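Listed here are the chains, written in short residue letters.
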Amino acid sequence: MGEVMYPVTEPGEGAAGKTGNWRWQKPIIIIDKCVKCGLCWVYCPEPAIYLDKMGYPHVNYEWCKGCGICAHECPSKAIEMVSEYE
Amino acid sequence: MTYKVEIRWHGRGGHGLVSTSNLLCEMVVRKGYYAQSIPIFGAERRGAPTQVFTRISDSPIRKRSEIKNPDIVIVTDPSLFNIIDPLHGLVDKGIVIVNANESTEISSENNFKIIKVNAVEISLESGLTVGGIPVVTIPLMGALLKILGIVDLKTVEEVIRERWRPEIAERNIKALKMASEVVEIG
Amino acid sequence: MSRTKLVLTGNYASAYAVLHSKVEIVPAYPITPQTTIVEKIDEFIETGMLDATMVRVESEHSAMAVAIGASAVGVRTYTATSSHGLLYMYENLWWAANARLPIVATFVTRTLGPPWNIWSDHQDFMTLRDSGWILFMVKDAQEAYDLTIQAFKIAENPDVRLPVGIAYDAFVISHTAEPVELLTQEEADKFLPSPRAIQPLLDVDKPYSIGNLPRADYHYILRKNLWENILDAKKAIREVGREYGELSGRDYSSLVEEYKCEDADTVFISMGAMAGEGMDAVDKLRDKGYKVGHLTIRTYRPFPDHEIKTIAENAKRLIVFSRALSNGKGGILYDDIASTLYREGQRIETYDIIAGLAGTEVSEEDFMKIYYDTRSGKLDTGKSIFIRRGEYV
Ligand code: SF4
Ligand code: SF4
């Protein structure tokens, strides 16, 4: 009998490769304003945000698509979206 | 000789036809027979005319269609004669077991054997009521069991005692016994 | 412990099979005439006989969604539905097959509305024909019990890994009480070890995602893989059926049930509750000297092509009874059989009989009438013929 194949994917690079180069604007985290609520980390669809030991968020720009969701969700306006072309 | 009996029960929703027919099947299966109890479901409501079919045989039963030519018909309420014809298709010399007292007129032009069982009275006397309403199907089954003659009293009691707690079981057994005394075999 | 023989409805027989299969989770939503299956299972759980979780969901779609999740993490999963509930579950039924999840479900066949109708035909069941579920249709309560237990073993076979559905007709099987011999729990445990042995699809220590967007070329291969596996499943079905036969004395090693076919020139083909009537008709016709047989299709998917081919080598006339209709085409079972014959290059007389739609009864007399009318040339081959309670309509 033939082997069974499953429609599953292990975590890793997607079929489209790294998604960082899709970005035309990028999120900049202003650590001074950040209250460490972690919402950006929760909402990032990629996910391209990771939290450091202190609980502060950082962006992995290899994967960040620049969608701006993190900036939109941040309650203390600690994330600014900046154009990649300026 | 193959043994094959087809029974059609006529009653009203809430009379307990289905559970009584199933109970009968359990008894005959214990005696090594095959049996089948088919409820006919429609827009059931309490009081509406309903039917159940029981097939008993000494060989496996394959068919599951409605019984059109029963050997025995059981009628739990004589008023059903006014709205439907419970005897339709009954075989020649077929048996009718009906819940009725002696004075109830049940006319039939055919040579059917009509057995009247005062099931209401028997149930009340045996204390066999649910919410004050007499359970008429049990005495009717008592009469039926006597006619069939394939299940001994010991098996009847065994099945009943497995199903109900002692107090209720005794009432059922009493009703079954009383009903079987009404029936004269001949 | 010795085996017990109980008088059970088809639905209670299914519930007992679930009990003896030690199912761990039952997400279900009630619909007539399926309801008493899950009611009985609930009673087993409440009385401590079955250590399972009953998940009360808000719809059939959710029932299958929960089943998918549970089965993916490795839990033995069962559900049941019927008719419009089956259609409401539909999207997830396909999902379960494509995700290769060994869920077992009972489908109590019931006519689709409108108008409203609770009685049996096979239209709901036939919508699963192409879904990738392994599909059985049984003809009595004993088979419902036996095949439900076997279904888990087939579904969980590492070479199969597909959901399995067991279908039977509303009321005439689901609510008809008849004697059913049950295995002892020890026998069932030996036949079907618990808990489920095969690896779960999901594992918290090794994260995966199911159903991510693949390349189309890869997706094509997944589809062909399922197709190959479901055809290969015939082997597993036969093996499990043989093993069950050795255990119980009731053999299921064939995908079909042949009745007096060996020397028959005419063979009725049907499935489900009406098969019993067909076999009774065969006996009556044989008494009159006609060489007639009956073939019951028990395994509907994968389709028993080989068995049909063998029958058609000896018979010269096949009369196929379909209880479901492909609107704009014909009897669904008939088309399955006609296509098998065509692929095999067999050209024999075939009849497409549409019977029992909307819960109308199909009786022994209907089979006999059709037989006589095909013999006398009154009926056209290959044309859909509608018969309702003995009358052509
Ligand atoms: S811009 Fe979008 S992708 Fe990038 S870090 Fe924010 S939420 Fe994530
Ligand atoms: S959402 Fe804003 S405040 Fe909250 S952790 Fe992220 S950057 Fe900081």
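Conventions used here
Residues numbered from 1 in each chain as written. Chains lettered and ligands numbered in written order. Predicted model: local features only at pLDDT ≥ 70, side-chain atom pairs only at ≥ 80, totals over all residues. Heavy atoms only, no water. Axes fitted to C-alpha atoms, helices over the stretch in contact; angles between N-to-C directions. Helix = DSSP H or I, 4+ residues; strand = E, 2+ residues; numbered from the N terminus. Parallel < 35°, antiparallel > 145°, perpendicular 65-115°, else oblique. Left-handed = near helix turned anticlockwise from the far one by under 90°. Contact = heavy atoms within 4.5 Å. Nonpolar A, V, L, I, M, F, W, Y, C, P; charged D, E, K, R; others polar. Buried area = accessible area lost by both parts, 1.4 Å probe. Salt bridge = Lys/Arg side-chain N within 4 Å of Asp/Glu carboxyl O. Polar contact = N/O pair within 3.5 Å; in protein donor to acceptor, adjacent residues only side chain to side chain. Phe/Tyr/Trp six-rings, centres within 6.5 Å; stacked < 30°, edge-to-face > 60°. Buried < 20%, exposed > 50% of the residue type's maximum accessible area, 1.4 Å probe, protein only. Lys NZ or Arg CZ within 6 Å of the ring centre and 35° of its normal. Near = heavy atom within 4 Å. Domains from an automatic or database assignment.

### Quick look at the packing of helix H4 (residues 137-148) of chain B against helix H6 (residues 166-182) of chain B
Residues and elements named next belong to chain B. Close contact between H4 and H6 brings their axes to 7 Å; oriented N to C, the two are set at 50 degrees. It follows from the interaxial angle that H4 and H6 lie oblique. Viewed along their axes, H4 and H6 form a crossing whose handedness is right-handed. Contact residues: Ile-138, Pro-139, Met-141, Gly-142, Ala-143, Leu-145 and Lys-146 in H4; Asn-172, Ala-175, Leu-176, Ala-179, Ser-180 and Glu-181 in H6. Classifying every residue of the contact of H4 with H6 gives eight nonpolar, three polar and two charged.

### Overview of the interface of chain A and chain C
Counting from both sides, the interface comprises 11 residues of chain A and, opposite them, 23 residues of chain C. For the pairing of chain A and chain C, the buried interface totals around 1600 Å² over both sides, and the portion due to carbon and sulfur atoms is 63%. On inspection of chain A and its partner chain C, the count reaches zero salt bridges. Our count for the contact surface shared by chain A and chain C stands at six residue pairs in polar contact (both at pLDDT 80 or more). By residue class, the composition of the side of chain A that touches chain C is seven nonpolar, two polar and two charged.

### A short note on the packing of aromatic side chains
This structure, assessed with the given rule, holds 15 aromatic pairs over all chains. The interplanar angle of 75 degrees and the centroid separation of 5.3 Å between the aromatic rings of Phe191(C) and Tyr244(C) together place this pair among those described as edge-to-face. Residue Phe191(C) is located in helix H7 (residues 185-191), and its partner Tyr244(C) is located in helix H8 (residues 216-248); the two are separated by 53 residues in the primary sequence. When sorted by exposure, Phe191(C) lands in the same class as Tyr244(C), which is buried. Feature note: the residues Phe268(C), Tyr290(C), Phe321(C), Phe367(C), Tyr371(C) and Tyr372(C) constitute an aromatic cluster, connected by ring pairs. Lying across the ring of Trp164(B), Arg163(B) places its NZ or CZ 5.9 Å from the centre. Between the NZ or CZ atom of Lys153(C) and the centre of the ring of Phe191(C), over which it lies, the distance is 4.5 Å.

### Let's talk about the site of ligand 1
Close to ligand 1 lie Pro27(A), Cys44(A), Pro45(A), Ile49(A), Cys64(A), Lys65(A), Gly66(A), Cys67(A), Gly68(A), Cys70(A) and Met81(A). Split by residue class, the shell around ligand 1 holds eight nonpolar, two polar and one charged.

### Overview of the interface of chain C and chain B
In this complex, chain C contributes 24 residues to the contact, which on the side of chain B involves 18 residues. A buried area of about 1800 Å², summed over both sides, lies between chain C and chain B, and 51% of it is on carbon and sulfur atoms. Contact with chain B buries area across many residues of chain C, yet Val7(C), Glu277(C) and Glu361(C) alone supply 26% of it, more than any other trio. Taken together, the links from chain C to chain B amount to five salt bridges. In this structure, Glu178(C) engages Arg64(B) in a salt bridge whose closest nitrogen and oxygen atoms are separated by 2.8 Å. Taken together, the connections running from chain C to chain B amount to 12 residue pairs in polar contact (both at pLDDT 80 or more). If you list the elements that add at least two residues to the side of chain C that touches chain B, you get strand S1 (4-9), strand S8 (177-182) and helix H9 (274-287) of chain C. At five residues, the largest contribution of residues to the side of chain C that touches chain B is made by H9(C). Grouping the constituent residues of the side of chain C that touches chain B by class yields 11 nonpolar, four polar and nine charged.

### Points about the domain arrangement of chain C
Residues and elements named next belong to chain C. When cut into domains, chain C gives domain 1 (5-248) and domain 2 (256-392). Look at where the C-alpha atoms of domain 1 and domain 2 centre, and you get two points 28 Å apart. On the domain 2 side, the residues contacting the 27 residues of domain 1 number 25 residues. Looking at the side of domain 1 facing domain 2, the largest losses of area belong to Met-126, Arg-129 and Lys-139, adding up to 27% of the total buried there. In this assembly, domain 1 and domain 2 are joined by five salt bridges. For Glu-143, the salt bridge identified is with Arg-298, shortest N-O distance 4.0 Å. There are 15 residue pairs in polar contact (both at pLDDT 80 or more) connecting domain 1 and domain 2. Put simply, the parts of the chain that give the side of domain 1 that touches domain 2 at least two residues each are helix H5 (123-126), strand S6 (134-137), helix H6 (141-155) and H8.

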